[in-house]
Amino acid sequence: MSINSNKRSRLGRQAVVDSARQRLQAYLARSGLRWTSQRRLVLEEVLRRFRHFDAEELYENLHAAGKGISRATVYRALGHLKDAGLVKEVLQRRGRASYEAVYGQEHHDHMLCTECGKVIEFRDERIEELQRKICRRYGFAAQEHRLGIRGVCRECRARRKGSRGKRSSARSRVRGAASRGG
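Reference entry: report on the structure contained in this document. (Residues numbered from 1 in each chain as written. Predicted model: local features only at pLDDT ≥ 70, side-chain atom pairs only at ≥ 80, totals over all residues. Heavy atoms only, no water.)

Things to note about the nonpolar core
Counting residues in each nonpolar core, the largest one holds 28 residues, and the members touching the most others are Leu-24, Val-42, Val-46, Leu-58, Leu-78, Leu-81 and Leu-86. Where this core is concerned, the elements lending two or more residues are helix 1 (13–30), helix 2 (37–48), helix 3 (55–64), helix 4 (71–83) and strand 3 (96–101). (Core = buried A, V, L, I, M, F, W, Y, C linked by side-chain atoms within 4.5 Å. Buried < 20%, exposed > 50% of the residue type's maximum accessible area, 1.4 Å probe, protein only. Helix = DSSP H or I, 4+ residues; strand = E, 2+ residues; numbered from the N terminus.)

This is the structure in structure tokens:
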């Protein structure tokens, strides 16, 4: 099992940008849509990211950078990127869809801490092989899969354990003082 370091691993950075732009342009042409400067801005911002993001965060970053782009345009462009296979929705975090750029990246799965929102990316060949076996058993031709595990990360569990220990120590001191008449 390995943890993905969020890098564009199969293609070099510029090759990813150029290839993704061509892929989006081809998708837009097939869909009867135009290649616009706003769509280019959204694509470039998405490809700059090496972590998960939501549509609002994408809009806020573009807006803060002085890019004259509307929230609706960002949402629509993100939909086109998704349909073109450049990004995918990976999980829901705090009530919002979370995305990541997948073009030029190796497949990986996710663990989401429900307390702090931390996302851990991992790949385990045993899981991948098990999925291939199950598909063969049922004669199923898989096109994609997503594995998302929700739970509490090591750090939050340690914090939780530490705060419980402090509370129980305080209760013991209070009980001890009460039994001594103090």
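Here the narrative resumes, following the displayed structure.
Comments concerning the pairing of strand 2 (residues 87–93)
Side-chain direction in a regular strand flips from residue to residue, so the side chains alternate between the two faces of the sheet. In terms of burial, strand 2 is largely enclosed, as 5 of its 7 residues are buried. Relative to strand 3, strand 2 runs antiparallel, the two sharing 6 bridges. Looking at the pairing, Lys-88 lines up with Glu-100 of strand 3. Between strand 2 and strand 3, which pair antiparallel in sequence order, lie 2 residues; one of them, Arg-94, sits at a positive phi of approximately 50°. (Pairing = 2+ DSSP bridges.)

Examining the packing of helix 2 against helix 3
Interhelical geometry of helix 2 versus helix 3 gives an angle of 110° and a closest axis separation of 11 Å. It follows that helix 2 is roughly perpendicular to helix 3 by the angle criterion. Of the residues in helix 3, those touching helix 2 at Leu-41, Val-42, Glu-45 and Val-46 are Leu-58, Asn-61 and Leu-62. Along the lines of polarity and charge, the residues of the contact of helix 2 with helix 3 split into 5 nonpolar, 1 polar and 1 charged. (Axes fitted to C-alpha atoms, helices over the stretch in contact; angles between N-to-C directions. Parallel < 35°, antiparallel > 145°, perpendicular 65-115°, else oblique. Contact = heavy atoms within 4.5 Å. Nonpolar A, V, L, I, M, F, W, Y, C, P; charged D, E, K, R; others polar.)

Topic: the pairing of strand 5 (residues 119–123)
Two elements, strand 4 (residues 109–113) and strand 5, share 4 bridges in a ladder whose sense is antiparallel. Note on strand 5: the bridge partner recorded for Asp-109 is Phe-122. Between strand 4 and strand 5, which pair antiparallel one after the other, the connecting turn spans 5 residues, and Gly-117 there sits at a positive phi close to 85°.

A few points about the pattern of salt bridges
Scanning all chains against the criterion turns up 13 salt bridges. Here Glu-89 ties to Lys-82 by a salt bridge, and the two come within 3.7 Å at their closest N and O atoms. By relative accessible area, which is 38% here, Lys-82 ends up partly exposed. The salt bridge involving Lys-118 is made with Glu-155; its shortest N-O contact spans 3.1 Å. (Salt bridge = Lys/Arg side-chain N within 4 Å of Asp/Glu carboxyl O.)

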